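# Overview (structure and organization)
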Amino acid sequence: MRAKTAFNACSARWSPFHEGRIAVSTAQNFGIIGNGRQHVFDVTPTGIVEVAAFDTLDGLYDCAWSEENENILLAASGDGSIKVYDLGAPPQANPLRQFKEHKHECCSLSANMHKRDLFLSSSWDDTVKLWSLNQPGSVRTFTGHTYCVYQAVWNPGAADVFLSASGDTTVRIWDLRHAGPTVTLPAHAFEVLTADWCKYNDCIIATGSVDKTIKLWDVRMTQRELRTLQGHGYAVRRVMFSPHSENLLASCSYDMTVKLWDTAAPGNPLLRSWEHHSEFAVGLDFSVLREGMLASAGWDESVWVWNQAEQVATP
């Protein structure tokens, strides 16, 4: 099932409260220059219906739903700001507020499932920031990366722990109780664009890189990767572990495909490859509420929703 977006779609995020509700961040002209629009869609039996849209002066690169309020949605902007929208408020009241401290583009957001007022942002200014929806400014800034931090993601099982993936070729593990990173992982020889935690074993992470590979790691043993997954033809833009299966991992790439992997398979780990996008596939999410449901966002101005059992995603 496919929905058209206003501009190039950069991110898709399923709601943790409403089954079938999905937020999609978009940017004009591939995010280089121009406006943005934050869409909210509902997936219905008869199609994908837009329920809200918010226009911005700069492109939007990512979004995240609040874990404590079903109507609160965060969006990461090309001007470095984080915009806070309330789907329950009248249109003229939005955005409710914005946080603006990053010096360059804000490119990823992650909401904390345990301390539900907290969220992370990462930026092309080489930093990660910790925020609370209850505070006027950032709570803390994490420095140390030497190039863009493309993604920051909370550990699903530990409220104070998160990872950051950077163009400096490292992934770092951070604990709010410590001053600096607790682990610095030289993950790839080229830029690391994405990383994610296994939802069933929070010592296992996956990383994706410009080198076209995905690597699996045990963060307790950083000398070498557990496994390398090969199959993408260009840079791996997003990796995500399934919330419903320990060994299922999805990925999307500049090769325009979305792939599903079995990380424990003794032979070929690639289960499926979908080719429904006609431009870079850059956004990806598993539904927490509906097992097997995937969403992908692409620069072809579209978001797709389908079940992982389908061989081909149908419009």
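Above this note sits the structure.
Below is a summary of the structure that appears in this document. Computed from a predicted model, the values in this text were never measured in an experiment.

Next up on the list: the overall build of the protein. In terms of regular secondary structure, the protein is built from 0 helices and 28 strands. Taking 2.2 N^0.38 as the reference for a compact globule, 315 residues should give roughly 20 Å; the C-alpha atoms of the protein span a radius of gyration of 18 Å, in line with that estimate. Expressed as lengths along the three principal axes of its C-alpha atoms, the size of the protein is roughly 55 × 45 × 35 Å. Once local pairs closer than 6 in sequence are excluded, the contacts in the protein between residues at least 24 apart make up 44%. Element-wise, carbon and sulfur atoms account for 50% of the exposed surface of the protein, whose accessible area totals about 12,500 Å². Treating the 26 positive side-chain charges of the protein as one cloud and the 35 negative ones as another, the clouds have centres 3 Å apart.

Here we take up the packing of aromatic side chains. Tallying each qualifying case throughout the model produces 12 aromatic pairs. With a centroid separation of 5.2 Å and an interplanar angle of 70°, the aromatic rings of Trp 274 and Trp 306 are classed as edge-to-face. Of this pair, Trp 274 sits in strand E25 (residues 270–274) while Trp 306 sits in strand E28 (residues 302–307), and the two are 32 residues apart along the sequence. Both residues of the pair, Trp 274 and Trp 306, count as buried. Between Phe 280 and Trp 299, the ring centres sit 5.1 Å apart and the planes meet at 35°, which makes this aromatic pair tilted. One end of the pair, Phe 280, is in the loop between E25 and strand E26 (281–286); the other, Trp 299, is in the loop between strand E27 (293–298) and E28, and 19 residues separate them in sequence. Ring pairing ties together the aromatic residues Phe 142, Trp 154, Phe 162 and Trp 174, which thus form one cluster.

The subject of this paragraph is the pattern of salt bridges. Taken as a whole and judged by the stated rule, the model has 13 salt bridges. A salt bridge links Lys 129 to Glu 101; its shortest N-O distance comes to 3.3 Å. You can see Lys 129 sitting in strand E12 (residues 128–132) and its partner Glu 101 sitting in the loop between strand E9 (97–100) and strand E10 (106–111), a full 28 residues away along the chain. We classify Lys 129 as buried; its relative accessible area is 8%. Under the relative-accessibility criterion, Glu 101 is labelled partly exposed at 29%. Sharing partners across several salt bridges, the network here consists of Lys 115, Asp 160, Asp 175 and Arg 177.

Taking strand neighbours across the sheet as the criterion, the 4 strands line up as E10-E11-E12-E13 in an open arrangement whose pairing is antiparallel. Both outer strands of the open sheet, E10 and strand E13 (140–142), are each paired with one neighbouring strand and no more. When the angles between neighbouring strand axes are averaged without regard to direction, this sheet yields 25°. Where E12 meets E13, 3 bridges bridge the pair, whose relative direction is antiparallel.

Here the focus is the pairing of strand E4 (residues 36–44). Taking burial as the measure, the 9 residues of E4 include 7 buried ones, the bulk of the element. Pairing of strand E3 (residues 21–27) with E4, which is carried by 7 bridges, proceeds in the antiparallel orientation. Each bridged residue has a counterpart across the sheet, and for Ile 22 the counterpart in E4 is Phe 41. In terms of strand pairing, E4 meets strand E5 (residues 47–56) through 9 bridges, oriented antiparallel. By the bridge assignment for E5, Arg 37 is matched with Asp 55.

Ranked by internal contacts, the top residues of the largest apolar core, which has 16 residues, are Leu 163, Val 171, Ile 173, Leu 185, Ala 187, Trp 197 and Ile 205. Those residues within four positions of Ile 173 in sequence are excluded, and the remaining contacts are Val 161, Phe 162, Leu 163, Pro 181, Thr 182, Val 183, Trp 197 and Val 219.

A word on the sheet that holds strand E24 (residues 258–262). Spatial strand order, E22-E23-E24-E25: 4 strands in an open sheet with antiparallel pairing. The open sheet has two edge strands with one neighbour each: strand E22 (236–241) and E25. The sheet shows a mean angle of 15° between the axes of neighbouring strands, direction not considered. Where E24 lies against E25, 4 bridges are found, and the strand directions are antiparallel. Bridge pairing in E25 links Val 258 to Trp 274.

This part covers the environment of Leu 109. On the secondary structure map, Leu 109 appears in strand E10. Residue class for Leu 109 comes out buried when judged on its relative accessible area of 2%. With 36 residues separating them in the primary sequence, Leu 109 and His 145 have C-alpha atoms 17 Å apart. If we ignore the near neighbours within four places in the chain, the residues touching Leu 109 are Arg 13, Asp 62, Cys 63, Ala 64, Leu 74, Ala 75, Ala 76, Ile 82, Phe 119, Leu 120, Ser 121 and Ala 152.

Calculation notes
- Residues numbered from 1 in each chain as written.
- Predicted model: local features only at pLDDT ≥ 70, side-chain atom pairs only at ≥ 80, totals over all residues.
- Heavy atoms only, no water.
- Helix = DSSP H or I, 4+ residues; strand = E, 2+ residues; numbered from the N terminus.
- Rg over C-alpha atoms; globule rule 2.2 N^0.38 Å.
- Contact = heavy atoms within 4.5 Å.
- Areas by Shrake-Rupley, 256 points an atom, 1.4 Å probe, with all protein chains shown as cover.
- Lys, Arg positive; Asp, Glu negative; His and termini not counted.
- Charge placed at Lys NZ, Arg CZ, Asp CG, Glu CD.
- Phe/Tyr/Trp six-rings, centres within 6.5 Å; stacked < 30°, edge-to-face > 60°.
- Buried < 20%, exposed > 50% of the residue type's maximum accessible area, 1.4 Å probe, protein only.
- Salt bridge = Lys/Arg side-chain N within 4 Å of Asp/Glu carboxyl O.
- Pairing = 2+ DSSP bridges.
- Axes fitted to C-alpha atoms, helices over the stretch in contact; angles between N-to-C directions.
- Core = buried A, V, L, I, M, F, W, Y, C linked by side-chain atoms within 4.5 Å.

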